[in-house]
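An overview of the molecular structure
Listed here are the chains, written in short residue letters.
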Amino acid sequence: MTRLTAAARGTAARIDAATPAHRDRAVDALRAFAVAGVVLGHWLVTALVADGRTLRAASPLQHLPWLAPVSWAFQTLAVFFLVGGHVATRSYASARERGVPYRRWLHARLARLFGPVVAVLGLWTVVTLTLLLSDAEYATVRTLVKLALSPMWFLLVFAALTAATPLVARLHPLWPLAVVLHVDVLRFGFGAPDGLGWLNLAAGWLVPYTLGAAWTRGELESRRPGWVLLGGGTAATAALVAWAGYPAAMVGVPGAEVSNLNPPTLAAVTFGLAQCGLALLLRDRLRRAMRRPLAWAAVALVNLSAMTVFLWHQTALMATTAALLPAGPLPGLHTVPDGLGWVAARLPWLIVFALALAVCGAAFRTWEQGGGRRRRARPSRVVRAHRPMTERTPHV
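Below: a short report on this structure. (Residues numbered from 1 in each chain as written. Predicted model: local features only at pLDDT ≥ 70, side-chain atom pairs only at ≥ 80, totals over all residues. Heavy atoms only, no water.)

**Notes on the side chain of Thr165**
Turning to its location among the elements, Thr165 is positioned in helix H9 (residues 165-168). Among the residues examined, Thr165 registers a relative accessible area of 0% and is labelled buried. Among all residues touching Thr165, those that are not within four sequence positions of it are Ala88, Thr89, Tyr92, Trp105 and Tyr209. (Helix = DSSP H or I, 4+ residues; strand = E, 2+ residues; numbered from the N terminus. Buried < 20%, exposed > 50% of the residue type's maximum accessible area, 1.4 Å probe, protein only. Contact = heavy atoms within 4.5 Å.)

**A word on the pattern of salt bridges**
This structure, assessed with the given rule, holds seven salt bridges. Arg25 is the salt-bridge partner of Asp16, the closest N and O atoms lying 2.7 Å from each other. With relative accessibility at 15%, the residue Arg25 sits in the buried group. For the salt bridge of Glu219 with Arg217, the shortest nitrogen-to-oxygen distance reads 2.8 Å. Judged by relative accessible area, which is 46%, Glu219 ranks as partly exposed. (Salt bridge = Lys/Arg side-chain N within 4 Å of Asp/Glu carboxyl O.)

**Observations concerning a nonpolar patch on the surface**
On the surface, Leu181, Val185, Leu186 and Phe190 cluster together into a nonpolar patch covering about 380 Å² of accessible area. On the secondary structure map, Leu181 appears in helix H10 (residues 174-190). Among the residues examined, Leu181 registers a relative accessible area of 38% and is labelled partly exposed. (Patch = residues over 30% accessible without salt bridge, like charges linked within 9 Å, V, L, I, M, F, W, Y side chains within 5 Å. Areas by Shrake-Rupley, 256 points an atom, 1.4 Å probe, with all protein chains shown as cover.)

**What about the packing of helix H5 (residues 77-97) against helix H11 (residues 199-216)?**
The interhelical angle for the contact between H5 and H11, taken along N-to-C directions, is 45°, at an axis separation of 7 Å. Put simply, H5 runs oblique to H11. For the element pair H5 and H11, the recorded crossing hand is right-handed. Touching Leu77, Ala78, Phe81, Leu82, Gly84, Gly85, His86, Ala88, Thr89 and Arg90 of H5 are Trp205, Pro208, Tyr209, Leu211, Gly212, Ala213, Trp215 and Thr216, all from H11. (Axes fitted to C-alpha atoms, helices over the stretch in contact; angles between N-to-C directions. Parallel < 35°, antiparallel > 145°, perpendicular 65-115°, else oblique. Left-handed = near helix turned anticlockwise from the far one by under 90°.)

**What about the environment of Ala29?**
Of note, Ala29 is situated in helix H2 (residues 25-45). A relative accessible area of 8% places Ala29 in the buried class. Sequence separation of Ala29 and Phe80 is 51 residues, and the distance between their C-alpha atoms is 11 Å. Ala29 has contacts with Leu286, Met290 and Val299, leaving out every residue within four places of it along the chain.

Here is the structure:
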């Protein structure tokens with residue numbers, strides 16, 4: 001154990017030394033927190049219940065609605081879009097200074113997003129065809145494919161906002177917030193078609209994305225905007241849930257009449273504003289915490305595999321569930337999530353899911369680094385190994 005501890009500290013020290021001194025480590029810490037929140041949230045509130053030959057999706061929030069606060073801790077997408085907007089606008093400004101054309105800048109950024117997708121789509125195409133040809137229940141195949149590909153919607157929205165960065169770099173967040181407000185008023189107040197709500201898929205996530213752009217412009221450096229966002233977002237969300245009938249859960253719940261997430265509602269957006277405010281207030285503390293080599297090494301490693309972790313975490317859950325079906329039904333894995341006993345049984349399975357995700361990461365991480373093709377190793381965007389500490393901050 002002592003040798004392992006010493007090795008870990010040595011690795012952490014090397015990662016710390018290889019990180020440019022100018023890098024804002026709070027940005028990476030917030031991104032890692034957002035990714036980890038989404039992954040743990042899905043693992044906690046997504047269950048695959050064995051019903052004869054069929055696997056169906058279920059959630060403890062269906063049976064235990066008082067657990068809704070759990071979703072408040074793990075629905076962290078707004079923080080990801082906040083960081084994404086900040087990083088993209090900063091990167092685009094740097095590209096313009098260096099004379100890099102928009103098309104080349106966009107191609108580089110989208111390649112980082114969609115490179116790992118090829119492996120996911122390829123594997124699940126094979127799995128789907130195999131299941132259908134083996135006469136598996138169609139409902140089971142549909143459930144599995146839907147869960148496996150559910151992260152793709154995020155990538156499409158994020159890619160669209162990235163492409164629009166030059167147009168939205170100076171857009172005030174109140175404009176997309178106004179769109180979300182009016183869409184919800186029309187849907188829930190005047191009976192407009194539910195399809196109108198999908199306008200919020202872009203407008204809702206544009207709110208934190210444009211907050212990230214404001215961060216780049218230096219408009220959020222003082223603590224006052226953070227407190228305004230945290231206080232205002234919290235009060236607005238509480239009012240919408242208590243008096244306007246919005247669900248308390250900030251994630252989708254199977255069978256629920258209204259979802260705060262698909263598409264985003266005004267409550268999800270105001271909740272995201274509160275999260276962004278808290279993130280902004282924590283920046284200084286995160287910068288101090290990230291001076292510790294072990295903490296920074298953990299954050300750096302998550303960032304190096306962020307897309308792999310995000311895209312494969314549902315596959316890790318499903319692979320574990322399916323592989324252990326012959327031994328089932330196992331509590332917390334195949335059973336109905338209808339009580340605290342299920343929650344207690346679920347927690348140890350998170351370790352198994354993490355191990356399965358590590359296997360997926362080892363198998364498919366090369367797609368995140370270079371599209372699955374062998375090529376000369378290139379330095380990461382988080383650390384710059386074997387480079388002098390005086391070099392410029394990398395463009396993330």
